[in-house]
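Commentary on secondary and tertiary structure
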Amino acid sequence: MSIAPVQPVADLYADHHHWLHVWLRKKLGCSEHAADLAHDTFLRLLDRDEPVELREPRAFLTTIAKGLI
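Residues numbered from 1 in each chain as written. Predicted model: local features only at pLDDT ≥ 70, side-chain atom pairs only at ≥ 80, totals over all residues. Heavy atoms only, no water.

**What about the environment of Gly 67?**
What counts is decided by this rule: Secondary structure elements follow DSSP: runs of H or I no shorter than four residues count as helices, runs of E no shorter than two count as strands, and numbering proceeds from the N terminus. Only protein chains enter the accessibility calculation, which uses a 1.4 Å probe; a residue whose area is less than 20% of its type maximum is buried, one above 50% is exposed, and one in between is partly exposed.
Mapped onto the fold, Gly 67 is located in helix α3 (residues 57–68). Judged by relative accessible area, which is 65%, Gly 67 ranks as exposed. Distance in space between the C-alpha atoms of Gly 67 and Thr 41 is 9.2 Å, their sequence separation being 26 residues.

The following block contains the structure:
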């Protein structure tokens, strides 16, 4: 079983921010709240002491976002 290489938060943001915002907007029904929660989701990643090794980045991001909701 191989683990995905560490992906910098900037790359995760570039690759998945739009998708996460759309997902949150559908869930919340409000673009402004979705933008705030997407932002807070990535802040949580930046606050981590250890690098993130992700096999399923979107699943990981939705888990964080659900915790914030």
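Resuming the write-up.
**Considerations on the nonpolar core**
Going by this rule: Residues belong to one nonpolar core when they are buried, are Ala, Val, Leu, Ile, Met, Phe, Trp, Tyr or Cys, and are joined through side-chain atoms within 4.5 Å. Should any heavy atoms of two residues lie within 4.5 Å, those residues are counted as being in contact.
Of all hydrophobic cores here, the largest spans 14 residues; its most connected members are Leu 12, Leu 20, Leu 24, Phe 42, Leu 45 and Leu 61. Counting residues per element, the ones that place at least two in this core are α1 (9–28), α2 (31–46) and α3. When residues in this core are grouped by element, the largest group, 5 residues, is from α2. Residues contacting Phe 42, with those up to four places away along its chain left out, are Val 9, Leu 12, Tyr 13, His 16, His 17, Leu 20 and Leu 61.

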